[in-house]
Amino acid sequence: MSSAPLSESEDHYERVRLRQWSRGRARSAGFDRRELLKLVAAASVAGPLVPATAAPARAAAPAPGVVKPLPPELFTVRGTNAETNFAALRSTGLLTPADRFFVRNHTATPRISAADWRLTVWGSGLTGGPVDFSYADLRTLPAVTRTAFVECAGNARSFYASQQNQQVSGTAWTMGAIGTARWRGVRLADVLRRAGIGRNAVDVLPRGLDAEVISEGVNLGRVRRPLPVEKALDDVLLAYEMNGEPLPPDHGHPVRLIVPSWVGIANIKWVGDIEVSAEPLFTPWNTGLYRLFGPGHPPEGSAPLTRQTLKSAFELDLGASFPAHRRVLLTGRSWSGGAPVRSVEVSTDGGTRWRRARLRDEPRSGSWVRWSADWVPRGRGAGVLLARATDRSGRTQPEVAVHNTQGYLFDAVVRHPVTVV
Ligand SMILES: Nc1nc2c(c(=O)[nH]1)N[C@H]1C(S)=C(S)[C@@H](COP(=O)(O)O)O[C@H]1N2
Ligand SMILES: [Mo]
């Protein structure tokens, strides 16, 4: 599968779409255009402040609508979602076991049997009529396997408030709205070609079988976000296995999209149909949602988000404590949607001195690397640990992330609080 950087054509695509959208030359898929404009207007002002403290509000009750158990040592429940406690990854390998992989549900996990499931591919970008695929049909197509992270675009959002004192709206994730798995399935390109994708196709719109999303009294319809045909035909999978097992219910059983390096929302779970369109498409998920609004961005908002940004996290609870003068092995992970990670530096003195962490994995595109560094804590009291990644495109995590109203793509170095006792 190709892993060539697509950034330029991706950027171009999204800029063109944005122009088409603002000039009314694109179709709103399953949603009233005026309602869509209202959503965009609402997105351009910051919503309610997320809790200023990043301290996990550990709830004993399960997240409504999540099927798997969510023990509080592994997860922090946030509304309909479950965040992985990053410290719980310390004992895991490169791959995140399904029982500790974060869950982001707009509504609730539907129970769908593989035997009854059908995928319908349809739309003006096909040379013929709709084509159905059963689960058994997919299993007869060539299988491909790929290690990739899925990360929510809002991962680390709470640090806009707690570290930069800025208002953002959305789920107050700390670092754990990410997991990496080995996905097996078929190429979306193979399915689209079998369905008769035409040369006129421009957008591919997968839609989930979970319930319609009601947001502040407005029915947004079922979860769906268009992909440019170039990406859809490149490295996107229709995955039916996660880490060697059938997809678990919460992660899209029986079939989900895996869109390597892109924002989590692109990875549509429980996919039931895919529209292939000869015209550009817009839904709430690429107009009001998943774009950047705020003083540091174009007045009409940024182009729809494509790739994830870069981040680093310690496999430690926020506020962890360490005995003074005893050597510890700090461990963590870094990742970038833009390019493989090149290097990671760690500072234990608040950012004055930095040293290289040891990388424990071969950096690969669309995956994370584990790293470690020794530390002998000295002065007693409160301190911060910092980790900073640089990727092969030359990007380094900045000290401050550029604010946006919905708190997407936080990329700044996180000041991880610790206490030496
Ligand atoms: N059908 C459907 N697909 C979906 C979602 C959803 O709510 N419904 N959430 C999206 C978002 S915002 C993210 S971050 C990822 C999360 O995938 P996970 O729950 O398997 O970790 O799924 C995406 N796909
Ligand atoms: Mo997400």
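What counts, and at which threshold
Residues numbered from 1 in each chain as written. Chains lettered and ligands numbered in written order. Predicted model: local features only at pLDDT ≥ 70, side-chain atom pairs only at ≥ 80, totals over all residues. Heavy atoms only, no water. Pairing = 2+ DSSP bridges. Helix = DSSP H or I, 4+ residues; strand = E, 2+ residues; numbered from the N terminus. Salt bridge = Lys/Arg side-chain N within 4 Å of Asp/Glu carboxyl O. Buried < 20%, exposed > 50% of the residue type's maximum accessible area, 1.4 Å probe, protein only. Domains from an automatic or database assignment. Buried area = accessible area lost by both parts, 1.4 Å probe. Polar contact = N/O pair within 3.5 Å; in protein donor to acceptor, adjacent residues only side chain to side chain. Nonpolar A, V, L, I, M, F, W, Y, C, P; charged D, E, K, R; others polar. Phe/Tyr/Trp six-rings, centres within 6.5 Å; stacked < 30°, edge-to-face > 60°. pLDDT = per-residue confidence, 0-100. Contact = heavy atoms within 4.5 Å.

Thoughts on the sheet that holds strand β21 (residues 355–356)
Spatially, five strands are ordered β18-β25-β24-β20-β21 in an open sheet, and the strand pairing comes out mixed. The open sheet has two free edges, formed respectively by β18 (320–322) and β21, since each of these has just one partner strand. As paired elements, strand β24 (residues 381–391) and strand β25 (residues 416–420) share five bridges and run antiparallel to each other. Following the sheet pairing, Val 384 is matched in β25 by Pro 417.

Side note on the pattern of salt bridges
This structure, assessed with the given rule, holds 16 salt bridges. For the salt bridge of Glu 279 with Arg 27, the shortest nitrogen-to-oxygen distance reads 2.8 Å. One end of the pair, Glu 279, is in the loop between β15 (271–277) and β16 (281–282); the other, Arg 27, is in strand β1 (residues 27–28), with 252 residues separating them in the sequence. A residue is classified by how much of its surface remains accessible, and Glu 279, at 34% relative accessible area, is partly exposed. The partly exposed category is assigned to Arg 27, whose relative accessible area is 30%. Taken together, the shared-partner salt bridges connect Arg 27, Glu 275 and Glu 279 into one network.

Some details on the domain arrangement of the chain
The parts lose accessible area when they come together, and the size of an interface is often stated as this lost area. Along its sequence, the chain is carved into domain 1 (6–286) and domain 2 (310–420). Between domain 1 and domain 2 the total buried area reaches about 3100 Å² when both faces are included, carbon and sulfur atoms providing 56% of it. Summed over the three residues of domain 1 that lose the most area to domain 2, namely Phe 86, Arg 90 and Tyr 160, the buried surface amounts to 20% of that side. Counting the contacts that link domain 1 with domain 2 gives one salt bridge. The residue Glu 151 makes a salt bridge to Lys 311 at a minimum N-O spacing of 2.8 Å. Scanning the region where domain 1 abuts domain 2 turns up 21 residue pairs in polar contact (both at pLDDT 80 or more). Of all the secondary structure elements, the ones that give two or more residues to the side of domain 1 that touches domain 2 are β6 (144–151), α4 (158–164) and β7 (178–187). Of the residues forming the side of domain 1 that touches domain 2, the biggest block, five residues, is contributed by β6. For the side of domain 1 that touches domain 2, the class distribution of residues is 18 nonpolar, 17 polar and five charged.

As for the packing of aromatic side chains
Applying the stated criterion across every chain yields a total of twelve aromatic pairs. Between Phe 102 and Trp 173, the aromatic rings sit 6.0 Å apart at their centres with planes inclined by 90 degrees, giving edge-to-face as the arrangement. Here Phe 102 is found in the loop between β3 (81–84) and β4 (118–122), whereas its partner Trp 173 is found in the loop between α4 and β7, with 71 residues between them in sequence. One exposure class covers both Phe 102 and Trp 173, and it is buried. Look at Tyr 290 and Tyr 408: their rings are 5.0 Å apart centre to centre, the planes differ by 20 degrees, and that puts the pair in the stacked class. With Tyr 290 in the loop between β16 and β17 (310–314) and Tyr 408 in the loop between β24 and β25, the pair connects residues that are 118 residues apart, well separated along the chain. Each of the two residues, Tyr 290 as well as Tyr 408, counts as buried. Put simply, the rings of Phe 101, Phe 102, Trp 173 and Trp 183 touch in pairs and so form one group of aromatic residues.

Some details on the confidence of the model for the chain
When the pLDDT values of the chain are averaged, the result is 92; 90% of them are 70 or greater. Counting contacts from residues 1–7, a segment whose pLDDT is below 50, to residues more than four positions away or on other chains yields 14 contacts. Every residue in residues 49–60 is under pLDDT 50, and counting partners more than four places away or in other chains gives 28 contacts.

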